[in-house]
Amino acid sequence: MIAIVGAPNVGKSLLFNRLTGAYVTVSNYPGTTVEVARGRARLGVCGVEVEVVDTPGMYDLFPLTEEERVARRILLDERPTLVLHVTDAKNLARMLPMTLELMEAGLPIALAVNLMDEAEERGVSLDLEALERRLGVPVVGTVCTSGLGLERLREILTACVDPDAAAIRRCH
Ligand SMILES: Nc1nc2c(ncn2[C@@H]2O[C@H](COP(=O)(O)OP(=O)(O)O)[C@@H](O)[C@H]2O)c(=O)[nH]1
Ligand SMILES: [Mg+2]
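The rules behind each value
- Residues numbered from 1 in each chain as written.
- Chains lettered and ligands numbered in written order.
- Predicted model: local features only at pLDDT ≥ 70, side-chain atom pairs only at ≥ 80, totals over all residues.
- Heavy atoms only, no water.
- Helix = DSSP H or I, 4+ residues; strand = E, 2+ residues; numbered from the N terminus.
- Rg over C-alpha atoms; globule rule 2.2 N^0.38 Å.
- Buried < 20%, exposed > 50% of the residue type's maximum accessible area, 1.4 Å probe, protein only.
- Near = heavy atom within 4 Å.
- Polar contact = N/O pair within 3.5 Å; in protein donor to acceptor, adjacent residues only side chain to side chain.
- Areas by Shrake-Rupley, 256 points an atom, 1.4 Å probe, with all protein chains shown as cover.
- Expected span 1.5 Å × (residues − 1).
- Pairing = 2+ DSSP bridges.
- Axes fitted to C-alpha atoms, helices over the stretch in contact; angles between N-to-C directions.
- Contact = heavy atoms within 4.5 Å.
- Salt bridge = Lys/Arg side-chain N within 4 Å of Asp/Glu carboxyl O.

Help me understand the overall build of the protein in this model?
For the protein, the count of helices and strands is seven helices and seven strands. Starting at the N terminus and walking to the C terminus, you meet the elements of the protein as β-α-β-β-β-α-β-α-β-α-α-β-α-α. Expected size for 172 residues packed as a compact globule is a radius of gyration near 16 Å; at 15 Å, the protein falls within 12% of this value. Expressed as lengths along the three principal axes of its C-alpha atoms, the size of the protein is roughly 45 × 40 × 30 Å. Within the protein, the proportion of its 172 residues that are buried is 45%.

Quick question: what am I supposed to make of the site of ligand 1 here?
Around ligand 1, 15 residues are found, and the nearest of them are N9, K12, S13, L14 and D117. Within the backbone of V10, one N or O atom sits 3.1 Å away from an oxygen atom of ligand 1. Measuring from an oxygen atom of ligand 1, one finds a backbone N or O atom of L115 at 3.3 Å. Across the complex, the protein chains shield 71% of the 580 Å² of accessible surface that ligand 1 would expose by itself.

Quick question: what am I supposed to make of helix α6 (residues 150-161) here?
Helical geometry note: an α-helix holds 3.6 residues per turn, so side chains three or four residues apart project in the same direction. An ideal rise of 1.5 Å per residue puts 16 Å on 12 residues; α6 measures up with 16 Å between its terminal C-alpha atoms. Looking at α6, one finds that the buried residues are L150, L153, I156, L157 and T158.

Would you explain the sheet that holds strand β1 (residues 2-5) in this entry?
Pairing between the strands of a sheet is mediated by backbone hydrogen bonds and can be parallel or antiparallel. Taken together, seven strands build an open sheet; the order of strands is β2-β3-β4-β1-β5-β6-β7 and the sheet is mixed. Of all the strands in the sheet, the pair left with one neighbour each is β2 (24-28) and β7 (139-141). Adjacent strand axes in the sheet meet at a mean angle of 25° when their direction is disregarded. Pairing of strand β3 (residues 35-43) with strand β4 (residues 48-54), which is carried by seven bridges, proceeds in the antiparallel orientation. Looking across to β4, one finds that L43 is bridged to V48. Sheet strands in contact with helix α2 (residues 66-78) are β1, β3, β4 and β5 (82-88), and its direction is about 50° off that of β3. Here helix α5 (residues 128-135) sits on the sheet in contact with β6 (109-114) and β7, set at roughly 160° to β7.

Would you take a moment to explain the pattern of salt bridges for this structure?
Pairs may arise between side chains of opposite charge once their charged atoms sit close together. Tallied over the full model, the rule gives eight salt bridges. For the salt bridge of R38 with E78, the shortest nitrogen-to-oxygen distance reads 2.9 Å. Highlighted residues: R38 in strand β3 and E78 in helix α2, separated in sequence by 40 residues. The class of E78 is partly exposed, set by a relative accessible area of 28%. Here E118 ties to K90 by a salt bridge, and the two come within 2.6 Å at their closest N and O atoms. Taken together, the positions of E118 in helix α4 (residues 116-121) and K90 in the loop between β5 and α3 (92-104) put the pair 28 residues apart, joining distant regions of the chain. The exposure class assigned to E118 is partly exposed, which follows from its relative accessible area of 29%.

Here you go:
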C-alpha cells in the first residue's frame, strides 16, 4: 500500500485522483467520522496494481486533531510499502521537518514537491537533486494540475513497490 501524507492543501487528493482514477472507495476510518479514500493505481509497463490511500492532512506525527490521529494510525498500524510525503514547493523548508520525522519513524518514504508552478511564479528556485542526495530518498518536483513530474513520480513508485517490474521494461 502507498500512503499519501502531508499538510492540508498541498495537493494530496488531486495526486491521489490522478494516480488511482476510477477504482476508489471512500469510507469512515473505523470508530471515527474521518473519511479516508482508498483506490488502486496501475504502475509500470506491466500494470501492477497497488492500493493507494489518501490520508487526512497532518502537520507532524504528533496528532492534535482527530484527522491527524487517523493519518498517524494509517502509517503506524497499516505499515505502508511506501509513504509519499506531498509538500508545497512554496513552503518547502517548513515542511521538511515532517519528512525527517517520517524517516526517523522508520517509514520508507519518497518526497513529492508539488505546486512547483506557484513556487516558480514567486521566484522560488529549488535544487531538488541536492535535496535528494542529502535526504537519501527519492525527491520529485510535481505540478499535479498539469501533470508535470507525474511520469517520473510513477517510475519512483513502481521502483519502490515492485522493483522487479521497474527493472523489466518489457512484459512477456
Ligand atoms: N497551481 C497548482 N494547484 C494545485 C497543484 N496541486 C494541487 N493544486 C490545487 O490545490 C488545491 C488543494 O488540492 P487538494 O488535492 O485538495 O489538497 P489536499 O488538501 O492536500 O488534499 C486544489 O484546488 C488543487 O487543484 C499544483 O501543482 N499547482
Ligand atoms: Mg485532501
